[in-house]
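Each chain, letter by letter, is given below.
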Amino acid sequence: MTTSSQRVASRRADSATATGRFRLSPAGIAVALFVVATVIALLGSWNVSLWTDEAATISAARRSTGELWQLVHNIDAVHAVYYFVIHFWGGAFGWSAFALRLPSALAAGATVVGVWSLARRLGRPDAALTAAVVAIVLPRITWMGIEARSFGLSAAIAVWATVALVVALRGERKTRAWAGYGILVAAGCALNIYVALLVVAHAVTVAALLAARAASVRRAAAWLVSAVLGVAIASPVVVASLGQRGQLGDNAVSAPALIRRAIVNQWFLGETPTRVGASSDGQSLWSLAALALAVVGWALIVVAVVALVRRRDRLAVVVALTWLLLPTAIVAVYSLAVSPLYNPRYFTFCAPAAALLIGIGITSLGRRWLRLGAVALVALLALPIYLSQRQETGKSGTDWSATAAWIDSHAQPGDGVYFAPLDTTTAATVERTTRNIAVAYPDDFVGLRDLTLVVAPTTDASLRGVSARLDASSKRLSDVKRVWVVRPSDYARESAAFDDAALESAGFHPKARFEGPMDDVLEYAR
């Protein structure tokens, strides 16, 4: 399916990519893109506070293999493969924010190279470098590069699986391409169950090409065998994940909110530096930039589709559009009609499709100055969002690094620490507390006595364990002379009064106080 003119165009594009004294081969371009993309994704990763999702990664991955095996049989099987990957990675490279996020930054680099390679394989070498540049600055990809979860790895696998699909459909190295495709599908579905929706998009792609007689029955059958084998290999993880209710999905959202998130947040914002449940005032530079970037991005996607249709690049149109739109559409309809499953970050694996189409759209602009201006505009609009992602509270307003550092600089070995509940409750025991701060930054809590933990997470194969109410911990309170209370900044007044009464009855009185945007720390001493 590759024409001689396309091969000539590819060679010319490669030659024109680096002119003058230095000429880069395709391999050299790929290496350069990987390095640049990885560095840009990694910058500032050490500055951003770890947050709730990453604390789950740490809680799981720092266990022994036996304890981790018990955990994923009880909860979070959907993340089992990623947890085991980080278990061994952390054992080798440590558990700092930089080390934990490095695999995701490397995955961002691999994703960018995949976008470049896919554009070339689709017969658009002229758009390959532009699409790669867009991928480097696309907010969803820069966000995934500093997120210690499976999103980055799943995006890299998704784009390279699509490259393998295109190579196989074009009849190049068919056996190896189909084998590679099946392996990548297996890895992707095991790593992130939502990648199975990519297989659905590929099914529509193959069916559309077959109907248009742009693909043979033999190649369609080869795809089916590879896809089925890949999903079958990943099926133990998929089945276990589906059997654990509550492991997929998010809070219900209205149709307008879902549409807004799918149009803006999903590709052109990443996650916000405001705490969960809070909304931007609409005047923040990053918020305005995201809206503008969404307008520009979708306009360029339309330009790309029109240009591809005019050129009759059927494969490129079908591959990119089904990948970009179909997974989101399926989950959005299910979320609104049946049960909430939608969250913008779940579709990170589709971000390469957005970068690819935007890159093709820019390349389709007639004049060179228009193309250069469009690239500059996309990068300029992405910059405020990039900077917002890399401020200390860039992860949904989380301030854990500052909170933990303040405790470390003020507390003494033997002091008590009380992790307050995140929810207002009168129950005798609680699961959700601020203890995740110590999970994320354990070194800052060394030597402190946890006053309310009664069941460790490793004991009940959970992520959080079980805590008692503070008033039921009088024996532990009597053994310390100073207590550090870590509680949410929006802690309910009745809960605060309850805690204060329990501490005062044990002879403690308030002293110093640290106030963060998300968490407060109060010192109580006898």
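Parameters and conventions
Residues numbered from 1 in each chain as written. Predicted model: local features only at pLDDT ≥ 70, side-chain atom pairs only at ≥ 80, totals over all residues. Heavy atoms only, no water. Salt bridge = Lys/Arg side-chain N within 4 Å of Asp/Glu carboxyl O. Buried < 20%, exposed > 50% of the residue type's maximum accessible area, 1.4 Å probe, protein only. Helix = DSSP H or I, 4+ residues; strand = E, 2+ residues; numbered from the N terminus. Pairing = 2+ DSSP bridges. Phe/Tyr/Trp six-rings, centres within 6.5 Å; stacked < 30°, edge-to-face > 60°. Lys NZ or Arg CZ within 6 Å of the ring centre and 35° of its normal. Axes fitted to C-alpha atoms, helices over the stretch in contact; angles between N-to-C directions. Parallel < 35°, antiparallel > 145°, perpendicular 65-115°, else oblique. Left-handed = near helix turned anticlockwise from the far one by under 90°. Contact = heavy atoms within 4.5 Å. Nonpolar A, V, L, I, M, F, W, Y, C, P; charged D, E, K, R; others polar.

Asker: What is the right way to read the pattern of salt bridges from this model?
Answerer: Inspection of the entire model under this criterion finds 16 salt bridges. One salt bridge connects D423 with R432, and the closest N-O pair in it is separated by 2.8 Å. For R432, a relative accessible area of 38% puts it in the partly exposed group. Across the pair R482 and E523 runs a salt bridge whose closest N-O atoms are separated by 3.2 Å. In this pair, R482 is assigned in strand β6 (residues 482–488) and E523 in strand β8 (residues 519–525), connecting sequence segments 41 residues apart. Assigned by exposure class, R482 and E523 land together as buried. The network of salt bridges with common partners includes D53, R140, E271 and R345.

Asker: What's the story with the sheet that holds strand β4 (residues 453–455) in this structure? I'm lost.
Answerer: Hydrogen bonds between backbone atoms are what pair the strands of a sheet, whose relative direction is either parallel or antiparallel. Here three strands make up an open sheet; going across it, the order is β2-β5-β4 and the pairing antiparallel. One side of each edge strand has no neighbouring strand; the edge strands of this open sheet are β2 (429–430) and β4. As paired strands, β2 and strand β5 (residues 466–468) are joined by two bridges and run antiparallel to one another. Bridging across to β5, V430 finds its partner in S467.

Asker: Is there a simple way to think about the packing of aromatic side chains in this case?
Answerer: Ring pairs (aromatic) are described by centroid distance and by the angle formed between their planes. All told, the structure shown has 13 aromatic pairs when counted by the stated rule. Ring geometry for W89 against F93: centres 4.3 Å apart, planes inclined by 40 degrees, an arrangement best described as tilted. With W89 and F93 both in helix α5 (residues 80–93) and four residues apart, the pair spans about one turn of that helix. Centroid distance W143 to F151: 5.6 Å. Interplanar angle 40 degrees. Geometry classified as tilted. Comparing W143 with F151, the two get one shared label, buried. The rings of Y194, Y342, Y346, F347 and F349 are connected pair by pair, giving a single aromatic cluster. Above the plane of the ring of W143 lies R140, whose end atom (NZ or CZ) is 4.8 Å from the centre.

Asker: For this particular structure, what's the right way to read unusual backbone geometry?
Answerer: Most peptide bonds adopt trans geometry, and most residues besides glycine take a negative phi value. You will see that S396, though not glycine, has its phi angle at about 55 degrees, which is positive. Here S396 lies in the loop between α17 (368–389) and α18 (400–410). A residue is classified by how much of its surface remains accessible, and S396, at 7% relative accessible area, is buried. A positive phi is found at A461, a non-glycine position, where the angle reads about 55 degrees. The residue A461 is located in the loop between β4 and β5 in this model. Note on A461: relative accessible area 11%, which makes it buried.

Asker: Quick question: what am I supposed to make of the packing of helix α2 (residues 26–42) against helix α7 (residues 125–137) here?
Answerer: The packing of two helices is summarised by the inter-axis angle and the distance between the axes. The interhelical angle for the contact between α2 and α7, taken along N-to-C directions, is 15 degrees, at an axis separation of 10 Å. Comparing the axis directions of α2 and α7 gives the class roughly parallel. The two elements α2 and α7 meet at a crossing, and its hand is right-handed. When α2 is examined against α7, the residues I29, L33, V36, A37 and I40 are found in contact with a partner set consisting of L129, A132 and I136. Here the residues of the contact of α2 with α7 sort into eight nonpolar, no polar and no charged.

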